[in-house]
Amino acid sequence: MPSVTSPLIDLHDVAYAAEGKQILSGVTIRADERRIGIVGRNGSGKTSLARVMAGLIPTDQGRVRIDGVEVAQDRRAALRRVGILFQNPDHQIIFPTVEEEIAFGLTQMGLSKSDVKRGVHNVLRRFDKLHWAPAAIHQLSQGQRQLVCLMSVLCMVPKVIILDEPFAGLDIPTTRQLERVLASLDLTIVHITHAPDAVRAYDRVLWIDQGRVLQDGAPLPVLAAFSRRMMEIGDSDDLSDLAG
Ligand SMILES: Nc1ncnc2c1ncn2[C@@H]1O[C@H](COP(=O)(O)OP(=O)(O)OP(=O)(O)O)[C@@H](O)[C@H]1O
C-alpha cells in the first residue's frame, strides 16, 4: 500500500542507458496532479521516460513507483496502475481482431475468461463500438486503431495513462474526438507532446532535455521558456545540434 506521503507518480533519481548511451539521468518526479504535460526536443528522452514510467523498461538506477507499486518489478499490479498509448498504434497491436486485442491486457491481469469477456463487452459498449468486436484490426483506419488501443488500456482501469504523442498522424476531427474522450476521463494523464497548446491548460509541465528534467512547474512559464528556446534553435542553421 502507498504511504500517505508518497505521491501517485514517484520517480526518484532515475537513470537509464542503452547500447552504451546514457538516455535518462537523475530524473526525479513526484506528482499528484491530474494533468501533466511533458515537452522536449526530438531525442531528448521523452519516450524512454514514458516507457520507464510504465514499467516497460527497467532502470539502471533509482526507483519508479506508481501508486506505491514498483511498476517494472510487479507487472501484473502495474497493469492496474499505468497504461500507455503510443504514437503508432501498430507498435501496440498484436492480435488480428479487436476483441482479442482488448482481451489481452485483461487476461494478463489474471481475470477469468468470463470477466475478460465482460470487460471487453463493457469497454466496446462504452464507446458505442460493440459491432467492432470481430473486426479485423488491419482493416481499421489509424484513428480507429488508436481508439482500439485506448479501449485496451482503459478496460484495465489504470490510475495513470501516459500518452506518447498519440495524435501524431491523425486528422483534425479524429484528434479532437479522441482529445474529448481523454479530457473526460477520471484518471491522471501524462501527455508527451511537441505541441505546447495541447498541454497549456494542464496542471503542470515538465521540460525534458538531454535525459534530464530541465524545467518543471506551471505550464505558462515552462512552455514560454520551452517555445522561446525551440525558436532560437530552429532559427539557427546548424544541424549538428540535432539531438541524438
Ligand atoms: N534502445 C535504445 N538503444 C539505443 N539508443 C536509444 C534507445 N532508445 C532510445 N535511444 C536514444 O535515446 C535518445 C532518446 O530517445 P527517445 O525516443 O526517448 O527520445 P524522444 O524525446 O521521445 O524523441 P522523439 O521526440 O524524437 O520521439 C535518442 O537519442 C535515441 O536514439
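Residues numbered from 1 in each chain as written. Predicted model: local features only at pLDDT ≥ 70, side-chain atom pairs only at ≥ 80, totals over all residues.

A.B. asks: Break down the overall build of the protein for me, citing the residues and quoting the values.
C.D. replies: Summing up its helical and strand segments, the protein has 7 helices and 10 strands in all. Relative to the globule expectation of 18 Å for 244 residues, the C-alpha radius of gyration of the protein, 18 Å, shows essentially globular dimensions. Dimensions of the protein along its principal axes, counting C-alpha atoms only, are 55 × 40 × 35 Å. Relative to its 244 residues, the protein shows a buried fraction of 38%. Long-range pairs, those at least 24 residues apart, make up 69% of the contacts in the protein between residues at least 6 apart in sequence. (Helix = DSSP H or I, 4+ residues; strand = E, 2+ residues; numbered from the N terminus. Rg over C-alpha atoms; globule rule 2.2 N^0.38 Å. Buried ≥ 20, exposed ≤ 12 C-beta atoms within 10 Å, placed from the backbone. Contact = placed C-beta atoms within 7 Å.)

A.B. asks: Describe in detail the site of the ligand, supporting the description with residues and values.
C.D. replies: Close to the ligand lie 13 residues, the nearest being A18, N42, K46, T47 and S48. Ranked by the residues each element gives to the shell around the ligand, the list is headed by helix α1 (residues 46–53), at 3 residues. Split by residue class, the shell around the ligand holds 2 nonpolar, 8 polar and 3 charged. (Near = placed C-beta within 6 Å. Nonpolar A, V, L, I, M, F, W, Y, C, P; charged D, E, K, R; others polar.)

A.B. asks: Describe α1, with residues and values.
C.D. replies: Across the 8 residues of α1, 6 count as buried, placing the element largely inside the fold. Here α1 has its buried residues at K46, S48, L49, A50, V52 and M53. Backbone geometry just downstream of α1 places G55 in the positive-phi region, at approximately 80 degrees.

A.B. asks: How would you summarise the pairing of strand β10 (residues 212–217) if you had to cite specific residues and measurements?
C.D. replies: Examined bridge by bridge, strand β9 (residues 204–209) and β10 share 5 bridges and lie antiparallel to one another. Along β10, the bridge assignment pairs W207 with Q215. Counting the residues that bridge the hairpin from β9 to β10 gives 2 residues, and of these Q210 lies at a positive phi of roughly 50 degrees. (Pairing = 2+ DSSP bridges.)

A.B. asks: Any details on the pairing of strand β3 (residues 35–40)? Residues and values, ideally.
C.D. replies: When you tally the buried positions in β3, you get 5 out of 6 residues, the bulk of the element. Relative to strand β8 (residues 188–192), β3 runs parallel, the two sharing 4 bridges. Residue pairing in the sheet places G37 in a bridge with H191 of β8. Where β3 meets β9, 5 bridges bridge the pair, whose relative direction is parallel. When the sheet's bridge partners are listed, I38 is paired in β9 with L206.

A.B. asks: So, the packing of helix α3 (residues 98–108) against helix α5 (residues 142–154): which residues are in play, and what are the values?
C.D. replies: At their nearest, the axes of α3 and α5 sit 8 Å apart, and the two run at 35 degrees to each other. As for how α3 packs across α5, the hand of that crossing is right-handed. Along the contact surface, α3 presents V98, E101, I102 and G105, while α5 presents V148, M151 and S152. Among the residues forming the contact of α3 with α5, the class breakdown is 4 nonpolar, 2 polar and 1 charged. (Axes fitted to C-alpha atoms, helices over the stretch in contact; angles between N-to-C directions. Left-handed = near helix turned anticlockwise from the far one by under 90°.)

A.B. asks: Could you give me a rundown of the sheet that holds β3, with the residues and numbers involved?
C.D. replies: Spatially, 6 strands are ordered β6-β7-β8-β3-β9-β10 in an open sheet, and the strand pairing comes out mixed. Two strands close off the open sheet at either side, each with one partner strand: β6 (82–85) and β10. Ignoring strand direction, the axes of neighbouring strands in this sheet form an average angle of 20 degrees.

A.B. asks: If you had to explain the environment of D216 to someone new, which residues and values would you point to?
C.D. replies: Mapping D216 onto the fold places it in strand β10. Between the C-alpha atom of D216 and that of G37, which follows or precedes it by 179 residues, the distance is 9.7 Å.

Everything listed is a geometric property; what it means functionally is a separate question.
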